[in-house]
Amino acid sequence: MIEREIIHTTPASKRIFDVLKDVLQFAELYVRILLELFVTLVQIVLPKKQKDVSGEIVLITGTGHGIGQELALHYASLGSTVLCVDIDGKNNLQTVEKAKRLQLGEVYSYSCDVSKRDEVMALADRVKSEVGCISVLVNNVGIMPTHPILQQSAEEIQRVFDVNVFSQFWTIQAFLPHMQEKGRGHIICMSSIAGLVGISNLVPYCATKFAVRGLMEALHAELREGPYRDLIRTTTIFPYMTNTGLCKHPKVKFPSILGLLDPKQVAKRIVEAHRTDLMEVTIPSCLLHINNWTRLLPDHCGLMLKDFIDSGVESDLI
């Protein structure tokens, strides 16, 4: 009787032990999360020291104008070797000349249609032979047709995905091996506030920017699970509307609070995010927290806030 009783109670005891073991693991995770929250709060008061990027080889796409041009100038001013990539050779050379006048970091110009995989792969080989393996990739290039979905042609939709999404796949596939060879690196990709919130007249554009967020989140997970955890980092940027000419007819209800951003300030914030190893950054930074908080509310509450802010873009066909 005693032996039989022991046989029956042992599985139950094991289940209790397993449950207690799992509870302790969750408790440990809870404590670690609290510690991370404490560290984050401390860093708000005492900002994290920005890492040195002098000597880094930084490749930036879409450097012919706007944010891309300002990024090239900013990295060059910090002593980085900057590789400017744009399909517009003339404007790209102007960016390079401006950067070279700083007389700090080396600057190179490359012409490439990054929406074409073969050209990107050839560029990666050329860069490796002429300059060396890059350590930082900034996927900045993008286009933004702004009109209703039924007035978007098949060619427009295909092109916006080719430039805004597929180009980022091609550059990551081409230049991630550079970083693996170096044993370190950083990949920075431009999404948008339109990658967090759907906006009318921007249906294809929003879809591409949501795709970039998914791409980067999955890439981050893949890198963390491999041998390059904490060696190759990722940063996704979600800027609000910026005064680059991409927003042809912006609609802004509160210009003193949410007016168009200055490309120079956006570029500065992107470089700061890189130098402090932030994973996701909205510009301004409060928008990420507002979006996350709003997603916890009932749908109609989020729509009320969106209607109140009432910002976006008008159709460029008007």
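Look above for the structure.
Residues numbered from 1 in each chain as written. Predicted model: local features only at pLDDT ≥ 70, side-chain atom pairs only at ≥ 80, totals over all residues. Heavy atoms only, no water.

1. A closer look at the overall build of the chain
Inference 1: Counting its regular elements, the chain contains 10 helices and 9 strands.
Inference 2: Relative to its 318 residues, the chain shows a buried fraction of 40%.
Inference 3: Residue pairs in contact within the chain that sit at least 24 positions apart in sequence constitute 72% of those at least 6 positions apart.
Inference 4: With the model as given, the accessible surface of the chain reaches about 17,800 Å², and the carbon-plus-sulfur share is 60%.
Inference 5: Across the chain, the 33 positively charged side chains and the 35 negatively charged ones have centroids separated by 4 Å. (Helix = DSSP H or I, 4+ residues; strand = E, 2+ residues; numbered from the N terminus. Buried < 20%, exposed > 50% of the residue type's maximum accessible area, 1.4 Å probe, protein only. Contact = heavy atoms within 4.5 Å. Areas by Shrake-Rupley, 256 points an atom, 1.4 Å probe, with all protein chains shown as cover. Lys, Arg positive; Asp, Glu negative; His and termini not counted. Charge placed at Lys NZ, Arg CZ, Asp CG, Glu CD.)

2. Some details on the pairing of strand β5 (residues 185-190)
Inference 1: Among the 6 residues in β5, 6 count as buried, and that is most of the element.
Inference 2: Alternating residues of β5 divide into Gly185, Ile187 and Cys189 and His186, Ile188 and Met190, and every residue in both groups is buried.
Inference 3: Bridge analysis of strand β4 (residues 136-139) against β5 gives 4 bridges, and the strand direction is parallel. Bridging across to β5, Val136 finds its partner in His186.
Inference 4: In this view, the connection linking β4 to its parallel neighbour β5 by way of helix α5 (residues 154-182) has right-handed handedness.
Inference 5: Pairing of β5 with strand β6 (residues 232-239) involves 6 bridges; the strand directions are parallel. Looking at β6, one finds that Ile187 is bridged to Thr234.
Inference 6: Crossover handedness for the path β5 to helix α6 (residues 203-224) to β6: right-handed. (Pairing = 2+ DSSP bridges. Right-handed = clockwise from strand over helix to strand, strands pointing away.)

3. Comments concerning α5
Inference 1: With 29 residues, α5 extends 41 Å between its outermost C-alpha atoms, agreeing within 8% with the 42 Å of an ideal straight helix rising 1.5 Å per residue.
Inference 2: A bend of about 40 degrees at Phe166 is the largest found in α5.
Inference 3: Phi turns positive, to about 85 degrees, at Gly183, one or two residues after α5. (Expected span 1.5 Å × (residues − 1). Bend = angle between axes of the 7 residues up to and from the residue.)

4. Things to note about the pattern of salt bridges
Inference 1: For the structure on display, the rule yields 9 salt bridges.
Inference 2: For Arg233, the salt bridge is made with Asp277, and the minimal N-O distance between the two is 3.5 Å. Pair noted here: Arg233 is in strand β6 and Asp277 is in the loop between α8 (263-275) and β8 (280-283), with a separation of 44 residues, a long-range link.
Inference 3: Taking relative accessible area as the criterion, Asp277 reaches 23% and is therefore assigned partly exposed. (Salt bridge = Lys/Arg side-chain N within 4 Å of Asp/Glu carboxyl O.)

5. Quick look at the state of the cysteines
Inference 1: Taken as a whole, this structure holds 0 disulfides when the rule is applied.
Inference 2: Cys84 forms no disulfide, and the closest cysteine sulfur to it belongs to Cys112, at a distance of 13 Å.
Inference 3: The class of Cys84 is buried, set by a relative accessible area of 0%.
Inference 4: Not part of a disulfide, Cys133 finds its nearest cysteine sulfur in Cys112, a span of 17 Å. (Disulfide = S-S within 2.5 Å.)

6. A short note on the environment of Ser135
Inference 1: Positionally, Ser135 belongs in the loop between α4 (117-130) and β4.
Inference 2: Sequence spacing of Ser135 and Gly64 is 71 residues, and the spatial spacing of their C-alpha atoms is 21 Å.
Inference 3: Sequence-distant contacts of Ser135, that is, excluding residues within four places in its chain, are made with Glu56, Ile57, Met179, Lys182, Arg184, Gly185 and His186.

7. Notes on the packing of α4 against α5
Inference 1: Relative orientation of the contacting elements α4 and α5 amounts to 25 degrees, with a least axis distance of 8 Å. Accordingly, the angle class assigned to the pair α4 and α5 is roughly parallel. Considering only the axes of α4 and α5, their crossing is right-handed. Facing Arg117, Val120, Met121, Leu123, Ala124, Val127 and Lys128 of α4, the residues of α5 in contact are Trp170, Thr171, Gln173, Ala174, Phe175, His178 and Glu181. (Axes fitted to C-alpha atoms, helices over the stretch in contact; angles between N-to-C directions. Parallel < 35°, antiparallel > 145°, perpendicular 65-115°, else oblique. Left-handed = near helix turned anticlockwise from the far one by under 90°.)

8. Some points on a nonpolar patch on the surface
Inference 1: Together, Phe26, Leu29, Tyr30, Val31, Ile33, Leu34, Leu35 and Leu37 give the surface a local cluster of nonpolar side chains, amounting to about 810 Å² of exposed area.
Inference 2: Within the secondary structure, Val31 is located in helix α1 (residues 2-45).
Inference 3: Taking the relative accessible area as the measure of exposure, Val31 reaches 45% and is therefore partly exposed. (Patch = residues over 30% accessible without salt bridge, like charges linked within 9 Å, V, L, I, M, F, W, Y side chains within 5 Å.)

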